[in-house]
Amino acid sequence: MTHDIIIIGAGPGGYETAVAAAGRGLRVALIERGELGGTCLNRGCIPTKTLCRSAEVAVTVREAAAYGVELPDDNPVINYAAVADRKDAVVAQLREGVAQLLKGVDVVKGEASFVSPAEISVEGAIYSAPRIIIATGSAPARLPVPGAELAMTSDELLSMTSLPSSIVIIGAGVIGLEFASVLNAFGVKVTVVEFCREVLPPFDAEVAKRLRMSLKRRGIDILTDTRVTAVEAGMKVTCEAKGKVKTLEAEAVLMAVGRRPVLPPGLESLGIVLNRGAIMVDDDMKVQWDGKAPEDVTVYAIGDVNGRCMLAHAATAQGEIVLGEKRALDVIPSAVFTMPECAMVGLTEEQCAARGLDIKVGKATFRANGKAVAMGETDCMVKVISDVSTGRLLGCHICGPHAADLIQEAATVMSASLPAAAIADAIHSHPTLGETLRAAILQ
Ligand code: FAD
């Protein structure tokens, strides 16, 4: 069976690339051992954002009286089984949409393993092509501490049909904080334990601190600079901070400490170079070989499996590069869908300092923004960083309502290599949250 391209894995890297390649008239085989849509659609972006929406509704109802809307009982009852059903329905609807998009693609069900660099076996059948794209994604990682396997991962948490009364979340990265925000809104007592000094380690420290304070005000206990040393049955988490040992008890424990790449069987004997478990790729997403690269095939790796940027849109953009498109991979926006949201693109102040860049920093809060005041969401900020000599926008960091949507304006300007002033020059409609981004640039 010969195709022009074989793609292993139908997540946002694999299926989007398959659709685009088929649209260009190529014969594409897309091999998937689980559900279409990968982690993003089935166990990641979409189910979590559906839970975020239910959580937001719960908070809105609980706080309705502050907006002049009085309910007979301002303490809403969370029917978590119904919340979970809605999440599953949203996922099923979108999965059906992906199946429709893949009409022109030869979708093969089963696990792909490498027989040779150019040959893939799926349940005994051999597939070959001159171009093979590995898009096998990632799986939850666990800390190497005793009892780590007793904790849930995001996969198990997303399959729950009832809520625990309390939870300890190990890890204050994007996934840990999103679940903390959602579960807190549903009335679960949440404690977050983070090894680093601040939450959201890759984000701007000032924005991360603002989010931490905001989550604390909502009742989430956040222990930073704290190392987890063991998890015990009966759900006890032992941790250590500044030489003091502490044991936290809760009904459930979530391990949210990052993800590890998933390699297709047979890959490790081919001579493809790995870096800390991820497939090393060049800027064209081509894998690197220990010795001479094979002549009959070009192998690529896109998405989480190459460990470059574990985000859905990064996986899709890397697939576009394989198909010959130009993409600015240094401008990838990233968001955390907490209440309030945070989002970033480009460099942080700390990264600019480490590179010795001469920068101008502009900040604005949402306190003077008419829309934010009307929404009752003013405890937020925008920070923009630009290069003094070129005027180019180097980074943008937002903590506030709809930050994940707002960041796109900055990302578009950065992708087009426009000066920061392009945002200030554009007339922004009033009253909108985007006016605060403009105010930060004008500062
Ligand atoms: P995946 O989506 O992981 O897909 C890989 C596919 O390959 C899977 O379907 C798997 O079954 C299949 N596969 C693996 N091995 C084989 C094999 N040998 N044969 C056949 N098939 C195989 N990112 C965002 O951008 N925004 C978010 O809001 C966001 N939220 C997230 C929330 C959570 C809880 C999690 C866990 C992740 C979240 N992510 C988010 C990250 C995002 O899901 C991933 O970055 C994205 O799914 C990576 O896409 P991918 O195509 O590389 O791999």
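Residues numbered from 1 in each chain as written. Predicted model: local features only at pLDDT ≥ 70, side-chain atom pairs only at ≥ 80, totals over all residues. Heavy atoms only, no water.

Asker: Whenever I open this one, the overall build of the chain confuses me. Can you help?
Answerer: Within the chain, the secondary structure is distributed over 13 helices and 24 strands. Against the compact-globule benchmark of 22 Å for 443 residues, the chain has a radius of gyration of 23 Å, which places it among compact chains. Taken over the C-alpha atoms alone, the chain extends approximately 65 × 60 × 45 Å along its principal axes. Sequence-distant contacts in the chain: of pairs separated by 6 or more residues, those separated by 24 or more amount to 62%. Summing over all exposed atoms, the chain offers an accessible surface of approximately 20100 Å²; the carbon and sulfur share of this is 52%. A distance of 4 Å separates the average location of the 43 positive side-chain charges in the chain from that of its 52 negative side-chain charges. (Helix = DSSP H or I, 4+ residues; strand = E, 2+ residues; numbered from the N terminus. Rg over C-alpha atoms; globule rule 2.2 N^0.38 Å. Contact = heavy atoms within 4.5 Å. Areas by Shrake-Rupley, 256 points an atom, 1.4 Å probe, with all protein chains shown as cover. Lys, Arg positive; Asp, Glu negative; His and termini not counted. Charge placed at Lys NZ, Arg CZ, Asp CG, Glu CD.)

Asker: Is there a simple way to think about the sheet that holds strand β4 (residues 112-116) in this case?
Answerer: For sheets, the rule is that strands pair by backbone hydrogen bonds, running either parallel or antiparallel. In spatial order, the strands read β4-β5-β6; together these three strands make up an open sheet with antiparallel pairing. With partners counted over all chains shown, the strands left at the sheet margins are β4 and β6 (125-128), one partner each. Adjacent strand axes in the sheet meet at a mean angle of 35° when their direction is disregarded. Relative to strand β5 (residues 119-122), β4 runs antiparallel, the two being bridged by four bridges. Counted as the bridge partner of A112 is V122 from β5. (Pairing = 2+ DSSP bridges. Axes fitted to C-alpha atoms, helices over the stretch in contact; angles between N-to-C directions.)

Asker: Looking at this model, I keep getting lost on the site of the ligand. Mind explaining?
Answerer: The ligand sits among 38 residues. The nearest are G13, E32, T39, K49 and D304. Backbone polar atom of G13 to an oxygen atom of the ligand: 2.9 Å apart, as the coordinates give it. Backbone polar atom of A312 to an oxygen atom of the ligand: 2.9 Å apart, as the coordinates give it. Relative to its unbound accessible area of 1000 Å², the ligand is 95% covered by the protein chains. (Near = heavy atom within 4 Å. Polar contact = N/O pair within 3.5 Å; in protein donor to acceptor, adjacent residues only side chain to side chain.)

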